[in-house]
Every structure is written in C-alpha cells, then in structure tokens.
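Coordinates in review
The chain contents come next:
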Amino acid sequence: MLKDKVELLLSKALEENPSLFLVDFKMGGDNSIKVVLDGDQGISLQDCMDISRAIEHNLDREEEDFSLEVTSAGATSPLQLPRQYNKNIGRKLQVKTGSEQLEGTLVSTSTDSITLEWKAREPKPVGKGKVTVQKKQEIAFSDILEAKVKLKF
C-alpha cells in the first residue's frame, strides 16, 4: 500500500517538472525507498530536494516508518533509457553489444537505435601502411548490453 502511494506522489511530482524523468525506483521490504532521477538538461540538487519533499511531506511516519533516498543518475552510471541518450548527443560513449565493444561520439538517436561515429586506422587498400578512416554505425537499443558516457579529464 505504501509503494502505491509513493508511486502516485512520485508521478505527480514528475508531472510538475516535465524535464525530469524516472530512471529507477526501488522499495525494499524494510520500507527503504530509492528513487533515481535524470533530466533532459541534467538534474540539480534542488530538483532532488523538491521531489524528495513532494514524497516525504505527503506521507505520515506515524502510520509507517520509511527511509527515502532521491538521487541523480551518476555521471558514470550506465545509460538505461532512450531519453538519456538524447541528452548525451555529441558526447563520447562506450557501448557494449553482444558481439563487440565500440567507443565513439553519439551523433544521433531514433526511437529504436543510436548512431556512433569514430575514427579508425585501417590498412591502405593499395601498398603498405595505414590510413585514418571515419566510421559510422547504427546500433539498436535492443542490442546494447551497456552504454556509458566516457568522461574527459
């Protein structure tokens, strides 16, 4: 019953801020509630506080004791939703599929796939040596086992 109430409060709070979206929601047997959020333009500490307050202030600790954690998807967390890919267009991704591991710049997304571009060194068609070529590959969301943003320092 508490889970249903939390889900309802969470969906209302997210409706009020449509740039935010739910990445993960877990509720443990000990009434520990964990909400992981992301946003189209990123997510701030204030956003997490607002969602936390929208849930916590509408629950009664006298009825049921609970713990609530509202966090943002981490910078090194794997991308889980197609909406997360959209906000990372132009960034370098490391993508694992069942048959290969690719690293390239995310150039576009569609409803069912992403497109990566990268440069590779390949043997010259004629003669010795190598030449740099531009590669491009479309990868279906269903083929992606894990995708992470590669951070530059």
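Residues numbered from 1 in each chain as written. Predicted model: local features only at pLDDT ≥ 70, side-chain atom pairs only at ≥ 80, totals over all residues. Heavy atoms only, no water.

For the coordinates displayed, the defined rule picks out nine salt bridges. Arg 83 is the partner of Asp 40 in a salt bridge, and the nearest nitrogen-oxygen pair spans 2.8 Å. Note that Asp 40 is positioned in the loop between strand S2 (32-39) and helix H2 (45-56) and Arg 83 in helix H3 (residues 82-86), a separation of 43 residues in sequence. A relative accessible area of 29% means that Asp 40 is categorised as partly exposed. Judged by its relative accessible area of 31%, Arg 83 falls in the partly exposed class. The salt bridge partner of Glu 122 is Lys 135, with a shortest N-O separation of 2.6 Å. Within this pair, whereas Glu 122 is found in strand S6 (residues 113-123), its partner Lys 135 is found in strand S7 (residues 130-140), the two being separated by 13 residues in sequence. (Salt bridge = Lys/Arg side-chain N within 4 Å of Asp/Glu carboxyl O. Helix = DSSP H or I, 4+ residues; strand = E, 2+ residues; numbered from the N terminus. Buried < 20%, exposed > 50% of the residue type's maximum accessible area, 1.4 Å probe, protein only.)

Moving on, we get to the environment of Ala 140. Counting through the fold element by element, Ala 140 comes out in strand S7. In this structure Ala 140 comes out as partly exposed when scored by relative accessible area, which is 26%. Along the backbone, Ala 140 and Ser 110 are 30 residues apart, and their C-alpha atoms lie at a distance of 9.2 Å. Ala 140 has contacts with Asp 112 and Ser 113, leaving out every residue within four places of it along the chain. (Contact = heavy atoms within 4.5 Å.)

This part covers the nonpolar core. Residues Val 6, Leu 10, Val 35, Ile 51, Ile 55 and Leu 59 are the most contacted members of the largest nonpolar core, which totals 17 residues. Elements with a minimum of two residues in this core: helix H1 (2-16), strand S1 (20-27), S2 and H2. Per-element tally for this core: the top contributor is H1, with six residues. Beyond its immediate chain neighbours, meaning those up to four positions away, Ile 51 contacts Leu 10, Ala 13, Leu 14, Leu 20, Leu 37 and Val 70. Within the second largest apolar cluster, 15 residues are counted, among which are Leu 102, Ala 120, Ile 144 and Val 149. (Core = buried A, V, L, I, M, F, W, Y, C linked by side-chain atoms within 4.5 Å.)

Take a negative patch on the surface next. On the surface, Asp 60, Glu 62, Glu 63 and Glu 64 cluster together to form a negatively charged patch. Position of Glu 64 among the secondary structure elements: in the loop between H2 and strand S3 (67-72). The partly exposed category is assigned to Glu 64, whose relative accessible area is 34%. (Patch = residues over 30% accessible without salt bridge, like charges linked within 9 Å, V, L, I, M, F, W, Y side chains within 5 Å. Areas by Shrake-Rupley, 256 points an atom, 1.4 Å probe, with all protein chains shown as cover. Lys, Arg positive; Asp, Glu negative; His and termini not counted. Charge placed at Lys NZ, Arg CZ, Asp CG, Glu CD.)

In this section: the layout of surface pockets. As a volume, the largest pocket reaches approximately 300 Å³. Lining the largest pocket are 19 residues, with Asp 38, Ala 73, Gly 74, Ala 75 and Gln 84 positioned closest to its centre. Mapped by element, the contributors of at least two residues to the lining of the largest pocket are S1 and S2. A breakdown of the residues in the lining of the largest pocket according to their chemical character gives nine nonpolar, six polar and four charged. (1 Å grid on protein atoms, 1.4 Å probe; cavity = no way out; pocket = protein on both sides within 12 Å on 5 of 7 lines; lining within 4 Å. Points joined across faces, edges and corners; volume = space filled by probe spheres on them. Nonpolar A, V, L, I, M, F, W, Y, C, P; charged D, E, K, R; others polar.)

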